[in-house]
Amino acid sequence: MWSIAFPGFGQMLNKKYIKGFTLIVLEFVINSNAHLNQIIILSFNGEIKNSIESTDYHWLMFYPCVYMFGMWDAYKDSGETADYAYLPYVSGAFLGTVGLMYSAHLTIFGILLGPVWMPMLFAFLGIGIGIALFKILYQKKP
């Protein structure tokens, strides 16, 4: 659960200090170069166009994968995991990144969600698809 709060915290809790420190540094580097805190503030205030203009997409593209990897890795290192348990994390990272790529132009019901809400929506969709795939594949396992 600590990895949901901040990538690398789960690794620190699992005593994987080098991985944890690396993820924390990556979080700071990506966050500052992508202007993530600023675009979160703008998005929460409904200033979607300003958040799009403030976003450095080249840096922000890394964030969904680092975030989901941090969660998966902490979960994996905490004990035994089931086969295919990585699928929700992988599909969440993939679709979160896809959502980010389309966040400046794609509207849902005429609403432009921008670089915070669109990737989150797509990531949750990806997690749901990953859970469904996990359940299907896990049931078929002998």
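Residues numbered from 1 in each chain as written. Predicted model: local features only at pLDDT ≥ 70, side-chain atom pairs only at ≥ 80, totals over all residues. Heavy atoms only, no water.

K.L.:
How should I be thinking about the overall build of the chain in this particular structure?
P.N.:
Helix and strand counts for the chain stand at 9 helices and 2 strands. Along the chain, helices and strands appear, N-terminal first, in the series α-α-α-α-α-α-α-α-β-β-α. Taken over the C-alpha atoms alone, the chain extends approximately 50 × 35 × 20 Å along its principal axes. Burial analysis of the chain (142 residues in total) assigns 39% to the buried set. Considering only intrachain contacts with a sequence separation of at least 6, the fraction spanning at least 24 residues in the chain is 61%. Across the chain, the 8 positively charged side chains and the 8 negatively charged ones have centroids separated by 12 Å. (Helix = DSSP H or I, 4+ residues; strand = E, 2+ residues; numbered from the N terminus. Buried < 20%, exposed > 50% of the residue type's maximum accessible area, 1.4 Å probe, protein only. Contact = heavy atoms within 4.5 Å. Lys, Arg positive; Asp, Glu negative; His and termini not counted. Charge placed at Lys NZ, Arg CZ, Asp CG, Glu CD.)

K.L.:
Sorry, what's going on with a nonpolar patch on the surface here?
P.N.:
Taken together, Tyr84, Tyr86, Val90, Leu125, Ile129, Leu133, Leu137 and Tyr138 make up a surface patch of nonpolar side chains, about 690 Å² in accessible area. Ranked by residues supplied to the nonpolar patch, first place goes to helix α9 (residues 114-140) with 5 residues. Among the structural elements, valine 90 can be located in helix α8 (residues 87-102). Residue valine 90 is classed as partly exposed on the basis of its relative accessible area of 48%. (Patch = residues over 30% accessible without salt bridge, like charges linked within 9 Å, V, L, I, M, F, W, Y side chains within 5 Å. Areas by Shrake-Rupley, 256 points an atom, 1.4 Å probe, with all protein chains shown as cover. Salt bridge = Lys/Arg side-chain N within 4 Å of Asp/Glu carboxyl O.)

K.L.:
In this structure, what is going on with the layout of surface pockets? I would like to understand it.
P.N.:
A probe matching the size of a water molecule, rolled over the atoms, marks out where space remains unfilled. The calculated volume of the largest pocket comes to roughly 540 Å³. Elements with a minimum of two residues in the lining of the largest pocket: α4 (36-44), α7 (63-77), α8 and α9. At 8 residues, α9 tops the list of elements feeding residues into the lining of the largest pocket. Broken down by class, the residue content of the lining of the largest pocket amounts to 19 nonpolar, 2 polar and no charged. The space that makes up the second largest pocket amounts to roughly 260 Å³. Around the second largest pocket, the lining residues are Met1, Trp2, Ser3, Ile4, Gly10, Leu13, Asn14, Met71, Ala74, Tyr75, Ser78 and Tyr89. Counting only elements with at least two residues in the lining of the second largest pocket, the list comes to α1 (2-5), α2 (9-13) and α7. Split by residue class, the lining of the second largest pocket holds 8 nonpolar, 4 polar and no charged. (1 Å grid on protein atoms, 1.4 Å probe; cavity = no way out; pocket = protein on both sides within 12 Å on 5 of 7 lines; lining within 4 Å. Points joined across faces, edges and corners; volume = space filled by probe spheres on them. Nonpolar A, V, L, I, M, F, W, Y, C, P; charged D, E, K, R; others polar.)

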